Amino acid sequence: MIVHQGYRFALDPTSAQERHLASHRGAARFAFNWGLEQVRASLALRELEWVMGLPRTESLGWSLYALRREWNAQKQGVAPWWGENSKEAYSSGLAALAAALDNWSQSRKGKRAGPRVGFPRFRRRGHPMGCRFTTGAIRDDEERHVTLPRIGRLRTSEATTALRQRLTTGTAWILSAVSSCEAGRWYVAFGCEVQRAVVESNGHDDTVGVDLGVITLATLSTGEVIAGPRALRAGLRKLRRLSRHHARCRRGSANRGRAARSLARHHARVAHLRRDHLHQLTTRLAKSHGRIVIEDLNVSGMTRSACGTVATLGRNVRAKAGLNRSLADASFGEFRRQLEYKCRWYGSELVVADRFLPSSKTCSRCGTVRDGLRLEERVFGCIACGLRIDRDLNAAINLAGWARPDVAPSAGETENACPRGGQPGPRPARPVDAGTGITPESAGMTGGRCHRPGLTPAS
Ligand SMILES: [Zn+2]
């Protein structure tokens, strides 16, 4: 099968090359702002004509094609220096503008999912705009070098072996290259078409449920707990310290600029750490399990914060729940995205559980749904059968069970329960209807759609 895949490498440019890269970024920004000015002027003129009852001039086209034609007609006048940069830089800026205008207009018509998109705004100096090259000399040279049009041969900070091997065996073709800057470091991302072997199966036949958390990266239904990187936790502490320092510097001072740069570098480091560990986790899951069951989290709405995985924030972390939540939110979407394509690559199956499955609140042994599991309760206690089990493990087992509705949550799976398993009588948080195990609130909240045959409470 042919897939589109990106290969991104950190660059190690000379200072002259860095200036050239920055110049292309500035050119993209210039074209974006110039185009936005034209669009705004055209809109204002048409509105004035409408108010005064005059015949209206034709609107400026908002497509990349129309914007580029307009730019080519006017560039000699507005930017006589345009020849210093590749024409692709201006095209990148105009493409970004066309996309922004389209997003705004689709959102306004209600044709675009997600929160409302505002009208594009002018981009400030230093905006991290990428420059996309689609033609010219785009190459991955021998060890640690790449070539971009106009900019030339650049050294990379890391080996480009992964891409080179595919290029030499003729299983990948470079379609484009995007140069971008993130927290002071330059990157190039090659957009490639890659020929991958079709894998029917990865040789595993098991089902594993995965519950993502913030304190621990993930809990598997096999009982395995994958702790997040220690460096990440330390990184979050440092992030708070740097943010505080930045906030206390006087606006516009050199100190504040320095603090902002160091904060940005640290933000990037934390993001990279998280991304790397997420990649390692998803690759391992896709390669070593036949079927992976994950939760369907409503990432944008976070309506599940009362019972979903984000709710597994512990007491000590709640103070910075906002920060954690944003990190967790970002990861859930990314986790699912990575699993979706990696399962295809490596021949496993991804099952996304029903959004209304109360995986955290359901007993994985008898199926009783508990009401009002508090955020800081790390251990799930079942009032019906007396099971005591780690909260995340319980949720993971429920997810694994959801994919096999013919198999009721069995005692066999709960053998991995925490050492205190079997202790009778944990206190119920709120009165629960003894017959169904469902209180009016929980039934109302989940709309009664949460029950699959295998999870129907044993009454
Ligand atoms: Zn139970």
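One can find the structure itself at the top, above this paragraph.
Residues numbered from 1 in each chain as written. Predicted model: local features only at pLDDT ≥ 70, side-chain atom pairs only at ≥ 80, totals over all residues. Heavy atoms only, no water.

Colleague: So what about the packing of helix H5 (residues 230-248) against helix H6 (residues 254-288)? Which residues, and what values?
Modeller: The N-to-C vectors of H5 and H6 enclose an angle of 160°; their axes lie 9 Å apart at closest approach. Judged by the inter-axis angle, H5 sits roughly antiparallel to H6. The two elements H5 and H6 meet at a crossing, and its hand is left-handed. Here Ala-231, Leu-232, Gly-235, Leu-236, Lys-238, Leu-239, Leu-242, Ser-243, His-245, His-246 and Ala-247 of H5 come into contact with H6, specifically with Arg-256, Ala-259, Ala-260, Ser-262, Leu-263, His-266, His-267, Arg-269, Val-270, Leu-273 and Arg-274. (Axes fitted to C-alpha atoms, helices over the stretch in contact; angles between N-to-C directions. Helix = DSSP H or I, 4+ residues; strand = E, 2+ residues; numbered from the N terminus. Parallel < 35°, antiparallel > 145°, perpendicular 65-115°, else oblique. Left-handed = near helix turned anticlockwise from the far one by under 90°. Contact = heavy atoms within 4.5 Å.)

Colleague: Which residues make up the sheet that holds strand E8 (residues 207-212), and what values do they have?
Modeller: Read across the open sheet, the five strands follow the order E10-E9-E8-E11-E12; overall the sheet is mixed. Here the strands that pair on one side only, and so sit at the sheet edges, are strand E10 (225-227) and strand E12 (349-352). Within this sheet the neighbouring strands show an average axis-to-axis angle of 25°, counted without direction. With respect to the sheet, H6 is in contact with E8, strand E9 (216-220), E10 and strand E11 (291-294), its orientation differing from that of E9 by roughly 10°. The sheet strands contacting helix H8 (residues 391-402) are E8, E9, E11 and E12, and the helix crosses E8 at an angle near 140°. (Pairing = 2+ DSSP bridges.)

Colleague: Describe in detail H8, supporting the description with residues and values.
Modeller: The end-to-end C-alpha distance of H8 is 17 Å, a good match for the 16 Å that 12 residues give at a rise of 1.5 Å each. Of the residues making up H8, those classed as buried are Arg-391, Asp-392, Leu-393, Asn-394, Ala-395, Ala-396, Ile-397, Asn-398, Leu-399, Ala-400, Gly-401 and Trp-402. Contacts made by the buried residues of H8 are with E8, E9, E11, E12, strand E13 (379-381) and strand E14 (388-390). At the N-terminal end of H8, a side-chain oxygen is found 3.2 Å from the backbone nitrogen of Asp-392, two or three residues along, and the residue is Asp-390. (Expected span 1.5 Å × (residues − 1). Buried < 20%, exposed > 50% of the residue type's maximum accessible area, 1.4 Å probe, protein only. Polar contact = N/O pair within 3.5 Å; in protein donor to acceptor, adjacent residues only side chain to side chain.)

Colleague: Before we move on, can you summarise the packing of aromatic side chains with the specific residues and values?
Modeller: Throughout the structure, instances matching the rule amount to 10 aromatic pairs. On the basis of an interplanar angle of 75° and a centroid distance of 5.0 Å, the ring pair of Phe-30 and Trp-81 is categorised as edge-to-face. Pair noted here: Phe-30 is in helix H1 (residues 15-52) and Trp-81 is in the loop between helix H2 (64-78) and helix H3 (87-108), with a separation of 51 residues, a long-range link. The partly exposed category is assigned to Trp-81, whose relative accessible area is 32%. Considering the side-chain rings of Trp-62 and Trp-104, the 5.9 Å spacing of their centres and the 50° angle between planes classify their relative orientation as tilted. Of this pair, Trp-62 sits in the loop between H1 and H2 while Trp-104 sits in helix H3, and the two are 42 residues apart along the sequence. An aromatic cluster is built from Phe-30, Trp-34, Trp-71, Trp-81 and Tyr-90, whose rings are joined through pairwise contacts. The aromatic ring of Phe-32 is capped on one face by Arg-123, whose charged end is 4.1 Å from the ring centroid. (Phe/Tyr/Trp six-rings, centres within 6.5 Å; stacked < 30°, edge-to-face > 60°. Lys NZ or Arg CZ within 6 Å of the ring centre and 35° of its normal.)

Colleague: If you had to explain the coordination of the zinc ion to someone new, which residues and values would you point to?
Modeller: Protein-derived coordination of the zinc ion comes from Cys-363 (SG), Cys-366 (SG), Cys-382 (SG) and Cys-385 (SG), at a distance range of 2.2 to 2.3 Å. Between the donor residues of the zinc ion, the gaps in sequence give the motif C-x2-C-x15-C-x2-C. Residue Cys-363 shares its accessibility class with Cys-366, and that shared class is buried. (Donors = N, O, S within 2.8 Å, 3.2 Å for Na, K, Ca; no water.)

Colleague: Summarise unusual backbone geometry; cite the residues concerned and give the values.
Modeller: Unusually for a residue other than glycine, Arg-150 sits at a positive phi of about 70°. Within the secondary structure layout, Arg-150 lies in the loop between strand E4 (145-148) and strand E5 (152-155). Phi is positive for Ala-183, close to 50°, though the residue is something other than glycine. You can see Ala-183 is positioned in the loop between strand E6 (172-182) and strand E7 (185-195). Under the relative-accessibility criterion, Ala-183 is labelled partly exposed at 31%.

Colleague: Can you break down the sheet that holds E6 residue by residue, with the values?
Modeller: Across the sheet, which stays open at both edges, the four strands sit in the order E1-E7-E6-E2 with antiparallel pairing between neighbours. Two strands lie at the open edges of the sheet, namely strand E1 (2-10) and strand E2 (131-133), each paired on one side alone. Each strand of the sheet is rotated relative to its neighbour by a mean of 20°, with strand direction disregarded. Sheet topology places E2 next to E6; three bridges connect them, and they run antiparallel. If you follow Arg-132 over to E6, its bridge partner there is Val-178.

Colleague: Quick rundown of the nonpolar core? Include the residues and the values.
Modeller: Residues Leu-11, Leu-148, Leu-154, Val-188 and Phe-190 are the most contacted members of the largest nonpolar core, which totals 41 residues. Here this core gets eight residues from one element, more than from any other, and that element is H1. Residue contributions to this core reach at least three from each of two domains, namely domain 1 (2-14 + 130-195) and domain 2 (17-108). Once residues lying within four places of it in the same chain are set aside, the contact partners of Val-188 are Tyr-7, Arg-8, Phe-9, Leu-11, Val-146, Leu-148, Ala-177, Val-178 and Ser-179. By size, the runner-up hydrophobic cluster in this structure holds 17 residues, among which are Val-210, Ile-226, Ala-286 and Phe-335. (Core = buried A, V, L, I, M, F, W, Y, C linked by side-chain atoms within 4.5 Å. Domains from an automatic or database assignment.)

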